[in-house]
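Notes for the structure review
Chain by chain, the residues run as shown.
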Amino acid sequence: MTSQNFRDYLMPNDAERIGLARGVDLHTYGARMLATEKAQKLKAHWQAMLDETFRGITANGEVQSGLFSLQDEGFAVEEAVRAAQALFASLDSARQQQVSYAIDAPQWRAWYNPEIPFNDYGVRLDETSAATHEAFWSLLRSCTSAAGFSRVQQVMDANHFLGELYDLTHIMNRWSFHFLLFGSPSATQPWGWSIYGHHVAFCCFIVGRQLVIAPTFFGVEPNVIERGDASDCVLFRDEEQLGLALMQSLSARQQHRATIYQLMEDPAMPADRFNFADQRHLGGAFQDNRVIPLEGVCVAEFTPAQRQQVMALVAVFLAFLPDGPRAARLQQIEAQLDNTWWSWIGGCGDDDVFYYRLQSPVVMLEFDHHSGMWLTNEEPARFHIHTITRIPNGNDYGKALLSQLQQ
């Protein structure tokens with residue numbers, strides 16, 4: 001049985017993977033890792049998906065229309081504009097050019113999860129000044145709730161903590177992320193920004209007083225930061241426990257129907273159901289057009305109390321949104337509860353590891369316990385967690401709203 005203490009699975013100092021990163025800069029490390037056949041195949045596969053025309057995640061290959069509309073959500077756009085302009089001004093002219101993209105640029109969709117630099121879009125924040133870092137915090141604060149601001153900071157810091165464990169903070173640190181700016185910050189015209197890198201992707205589209213943040217990818221390995229100071233925390237405990245409580249609240253028959261695979265790496269899985277990069281996730285990097293059939297149990301048959309549990313879980317996943325946009329999203333998602341499906345992989349005992357997905361026409365949430373990447377556990381463990389939020393049917397990156405503006 002896998003230990004619950006991540007320190008039992010730390011790589012030895014002479015591990016090959018650590019050796020490839022130690023004593024070299026990021027670009028040398030990236031070249032070494034991308035020279036492997038496995039990484040080359042993954043990069044080619046991702047590029048092929050990026051080259052596709054964006055449609056959005058769907059349940060059957062057909063995009064449902066009429067789900068998203070332009071509206072006033074009360075987002076404080078002026079504050080975000082000022083923060084974005086200040087960040088841009090903190091960059092030198094060369095980096096200002098590097099960071100700037102058209103509002104409909106394909107680079108919106110170029111985010112990735114590994115620490116390996118799979119592309120060089122935007123600017124790497126760890127190659128910018130302290131003034132730019134402070135300006136980024138201001139921009140992030142202007143586009144999130146207080147809880148959301150803290151969460152993104154913690155996940156970025158968790159990457160730094162992992163770097164500390166192996167003395168590899170030149171590869172993995174709290175600023176080792178790409179930053180991109182789309183369009184020109186404006187109180188009336190569409191614009192946005194994104195950040196991505198190891199265990200973080202956060203894509204913000206803004207038009208007037210309306211805000212779309214999707215896709216998001218947050219991961220941690222390990223899920224704790226423990227330095228013995230104020231930064232110590234345990235991450236994604238609520239997503240884990242609320243998801244498990246919902247599953248345990250179902251009847252035995254419903255649990256059986258919701259469980260699409262008994263094992264985390266089940267021999268019954270088709271070839272495309274599990275891969276080393278995303279493991280059980282279906283909405284990971286470059287999966288913008290994936291057809292993801294509805295599976296499991298429909299929330300339409302849940303009790304009122306269970307439906308409240310569903311919405312409490314959604315609220316935790318979307319806690320990064322500021323008040324107005326969050327209220328609008330929760331209302332939109334609740335209106336589709338009768339068309340929402342709950343699916344599960346793994347066991348649902350108190351100590352089990354698992355994957356779950358909540359999927360409707362307007363939201364897809366995924367949670368997964370992973371096996372080790374920078375830790376040596378061969379089986380999934382609760383200390384390595386990935387979470388994803390998506391907006392199916394074409395509104396990832398705010399694209400459904402942008403298409404209405406461009407008509």
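The preceding data block contains the structure.
Here the structure is a predicted model, which means the values were calculated and not measured.

This next bit is on the overall build of the chain. In terms of helices and strands, the chain carries 12 helices and 14 strands. Along the first, second and third principal axes, the C-alpha atoms of the chain reach 60 × 55 × 45 Å. Taking all 407 residues of the chain together, 58% fall into the buried category. Residue pairs in contact within the chain that sit at least 24 positions apart in sequence constitute 70% of those at least 6 positions apart. When the accessible surface of the chain is totalled, it reaches about 16,200 Å², and 50% of it is carbon and sulfur.

A word on the environment of Arg174. Locating Arg174 in the fold gives a position in the loop between α7 (146-165) and β3 (177-182). Since its relative accessible area comes to 27%, Arg174 is described here as partly exposed. Once residues within four sequence positions are removed from consideration, Arg174 is found in contact with Met156, Asp157, His160 and Arg227. In terms of polar contacts, Arg174 uses its side chain to reach the side chain of Asp157, at 2.6 Å.

The omega angle of the peptide bond from Ala214 to Pro215 is 0°, so this bond is cis rather than trans. The backbone of Gln279 shows a phi angle near 55°, a positive value even though the residue is not glycine. Along the chain, Gln279 turns up in the loop between β9 (259-261) and β10 (297-298). Residue Gln279 is classed as buried on the basis of its relative accessible area of 2%. Positive phi is not limited to glycine here, since Tyr397 has a value of about 60°. Classification of Tyr397 as buried rests on a relative accessible area of 1%.

A word on the pairing of strand β12 (residues 354-359). Most of β12 is tucked away, with 6 of its 6 residues classed as buried. Here β12 shows a buried face lined by Phe354, Tyr356 and Leu358 and a second buried face lined by Tyr355, Arg357 and Gln359. Across 6 bridges, the pairing between strand β11 (residues 341-346) and β12 is antiparallel. In the strand pairing of β12, Trp341 is matched with Gln359.

Let us now look at the nonpolar core. Judged by nonpolar contacts, the single largest core of 128 residues is most densely connected at Phe136, Phe179, Trp191, Trp193, Phe202 and Trp342. With 8 residues, the single largest contributor to this core is strand β5 (residues 200-207). With sequence-adjacent residues up to four places away left out, Phe202 is seen in contact with Leu140, Thr144, Val152, Trp193, Ser194, Ile195, Ile213, Pro215, Thr216, Phe218 and Phe320. If you look at the next biggest cluster of nonpolar residues, it comprises 10 residues, including Met269, Leu282, Ile345 and Met364.

What counts, and where the lines are drawn
Residues numbered from 1 in each chain as written. Predicted model: local features only at pLDDT ≥ 70, side-chain atom pairs only at ≥ 80, totals over all residues. Heavy atoms only, no water. Helix = DSSP H or I, 4+ residues; strand = E, 2+ residues; numbered from the N terminus. Buried < 20%, exposed > 50% of the residue type's maximum accessible area, 1.4 Å probe, protein only. Contact = heavy atoms within 4.5 Å. Areas by Shrake-Rupley, 256 points an atom, 1.4 Å probe, with all protein chains shown as cover. Polar contact = N/O pair within 3.5 Å; in protein donor to acceptor, adjacent residues only side chain to side chain. Pairing = 2+ DSSP bridges. Core = buried A, V, L, I, M, F, W, Y, C linked by side-chain atoms within 4.5 Å.

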